[in-house]
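Working through the structure, step by step
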Amino acid sequence: MTKYITKSEQDTYEIAARIAKKLKGGEIIALAGDLGAGKTTFVQGLAKAFNIKKQVTSPTFVLMKVYPISHKPLAISQLVHVDCYRLDQAQELFYLGVEEYLNNSNTIVVVEWADKIRKYLRGFKKVIWIKIKINNAQREFNIK
Amino acid sequence: MILLAIETSCDETAVAVLKIKGQSYQVLANLVSSQIYIHKKYGGVVPEVAARKHLENVLPLLDKALKQAKLKQKDIDVIGVVYGPGLITSLIVGLETAKTLALVWQKTLIPVNHIKAHILANFLKGDKGKFQKIKFPALCLVVSGGHTSLVLLKDLNNFKTIGQTRDDAVGEAFDKVAKILDLGYPGGPIISQKAKNADKEAFDLPRPMIKSNDFDFSFSGLKTAVKYKWEKVSARGGSASGGKFKDDKAIRNMCASFQQACIDVLISKTILAAKKYKVKSVLLGGGVSANKELRKQLEGAVKKLDNVEFYQPDLSLTTDNALMVAIAAYFRYKEGKGNWENIKVDPNLEI
C-alpha cells in the first residue's frame, strides 16, 4: 500500500502521472471516495499523462466515456472512464458493454464509485484500488 | 410535409408528429412516457431498466401518436430519430425502431443530435403557428443533466461549441446537491421549489470560473463547497439526536444560494459570449431551462443588451420530447443529406 497526501489539483495530477507511467494496459483503476473527493480530477490527471487532448468531464450522466490514446510507443490505445454513481448493481455494467473493455490489454479502465461493484471487480486480476479521503484542504490517496 | 419523430436518449420515451408547410407548423401529436417514478428509488437512471421500458413503450406510443394525428403510415414523409448523445442502451431502442420503420414503410430517415434538437426547440412557440424568426448569429446556452455548454449558431446548419463544462454538468450538480441535502431525485425541480422565497445570500458559495475569461464552466467545486458548508451546518444542529438533519429553513436557504451561484456563472458567461460574438439572438435550451429563476434572470440580462432578442423554449419542451426532434429533423432534411442506412448510435456525440 502506498500513501500520498495532496494539497492541490496539481498534486493530484502528479500522482496520476506517476501511476500512468507504471501502467502497461489491461489494468482497472478502481476509485473510491465521497462526493467531491477528487475522483474526476484524478482521471483528468491520467488523461493529461496520456496526452488526451479532449476535455475529460464527469461521466455520471452517460455512465461511460471512451477516450482514444494516440500516445506512442505505448501499447495502450484507449482510456475508458466509467461512473458507478447511479448504478444499482454490477450487472448494469454488462448492459453498457463495459466487459468488452475490461481485461483488454490495450485499454485502461478507470472506475469511479468502484466500491459499489467491489464484488464484481474481484473477478479481475489487474485491479488497482485507490481510496481518496479528504481532510480539510488535504486529500489522502491510498493505493494498493 | 409530415414528420414522425422518436426520442429515447435517456429515461423518457417520446413520439411526436409534426406538420410543416412553408414557415407554418402544426403539432399533430406530442407524447411522452416518463420513467422518472421508476428510477426515483435509485436516485438516477438505471440503464437496463430504461432500455426495457423504452422497448415496452415505443410501439404503443407510436400507435397512439398516429391515432391522435389521425394519420396512417402512408401519410408520413420523414422519420426523425435521436442517435446521440445519451445512454447507449436507450438510444439503440429508438434508433433500431426508427430504422425498421423506415425500411418497412420506405421512408427517409433523419438522425438527429439530441443537443441540437434542444436548441432548435426554440423555433416553436405553442401548438401551431409560424416558426420563430430567430436572427443569426445566435448563441444558445445549453443546460441539462449531461451537458452545459455555449453553442454559437452562424446559421441553421452551422453549430459550434465555444465553451463547456470542464467537469460536472449543471443538472448533475443539482442532482448531487439534492442528494447531499437528502432531498431526492431528480434534483432540479426539488431544489428550485425549495429555493422559492428563500435567502439566496444565506450561504457564501463560490462562483467557479466566473472570471476565467473563456466560456468554460465548472460545477464540481461548487458541489463540493455545498457539501462542506452543509456538513458544518448539520453538525451544529440536530444530528446529535441521531435522526436526519431537517432544518427546513437552512435547507431552503442552501437551495437558493446554490441555485443563484449556478445562475450567476451561467448568465455571466452567456452575456460575455453574446458580446464577443456580437450575436443577434440568445437562446436557452436543455432540461435545466425549465428552471424559472434561470429563465427570468437570463431574460433580464439579455434585455439589457442592445438589439439582442431572447428566446426560451415553451416549458413543455424543456424536458426531453420528440417534437424538438421533429423540428431538428426537418431542418436537417432541408439541408439534403441522405443515405442514413449505416447510422449507428453515438452515446458521446458532439455538436
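The structure under discussion appears in the preceding block.
Definitions and limits used
Residues numbered from 1 in each chain as written. Chains lettered and ligands numbered in written order. Predicted model: local features only at pLDDT ≥ 70, side-chain atom pairs only at ≥ 80, totals over all residues. Heavy atoms only, no water. Helix = DSSP H or I, 4+ residues; strand = E, 2+ residues; numbered from the N terminus. Buried < 20%, exposed > 50% of the residue type's maximum accessible area, 1.4 Å probe, protein only. Contact = heavy atoms within 4.5 Å. Areas by Shrake-Rupley, 256 points an atom, 1.4 Å probe, with all protein chains shown as cover. Lys, Arg positive; Asp, Glu negative; His and termini not counted. Charge placed at Lys NZ, Arg CZ, Asp CG, Glu CD. Pairing = 2+ DSSP bridges. Core = buried A, V, L, I, M, F, W, Y, C linked by side-chain atoms within 4.5 Å.

Things to note about the overall build of chain B
Secondary structure assignment for chain B yields 10 helices and 11 strands. Once the C-alpha set of chain B is aligned to its principal axes, its extents read approximately 65 × 50 × 30 Å. Out of the 351 residues belonging to chain B, those deemed buried represent 58%. Summarising the internal contacts of chain B: among those between residues at least 6 apart in sequence, 73% fall at separations of at least 24. In the structure as shown, chain B presents an accessible area of about 15300 Å², 50% of it carried by carbon and sulfur atoms. Averaging the coordinates of the 52 positive side-chain charges in chain B and doing the same for the 35 negative ones gives two points 4 Å apart.

A few points about the pairing of strand β8 (residues 148-155) of chain B
All names here are of chain B. Along β8, 6 of the 8 residues are buried, which leaves the element largely enclosed by surrounding structure. As defined by bridge partners, strand β7 (residues 138-143) adjoins β8 across 6 bridges and the pair is classed as antiparallel. If you follow A138 over to β8, its bridge partner there is L153. Between β7 and β8, which follow one another and run antiparallel, lie 4 residues. As paired elements, β8 and strand β9 (residues 158-164) share 6 bridges and run antiparallel to each other. Opposite V151, over in β9, you have T161 as the bridge partner.

Considering unusual backbone geometry
Residue and element names in this part refer to chain B. The linkage connecting G84 with the following residue, P85, adopts the cis geometry, with an omega of -10 degrees. When you line up the elements, P85 lands in the loop between β4 (78-84) and α3 (88-105). Here Y185 and P186 are connected by a cis peptide whose omega angle stands at -10 degrees. Even without a glycine there, the phi angle at N197 is positive, about 60 degrees. N197 gets classed as exposed once you look at its relative accessible area, which sits at 81%. The phi dihedral of M209 is positive, around 65 degrees, even though this residue is not glycine. Note that M209 resides in the loop between α6 (187-195) and α7 (220-236).

Observations regarding the nonpolar core
V82 of chain A together with L205, W230 and F258 of chain B are the most contacted members of the largest nonpolar core, which has 81 residues in total. The greatest single-element share of this core, amounting to 15 residues, is contributed by helix α8 (residues 248-276) of chain B. V17, A69, I119 and A138 of chain B belong to the second-largest nonpolar core, a separate cluster that totals 72 residues.

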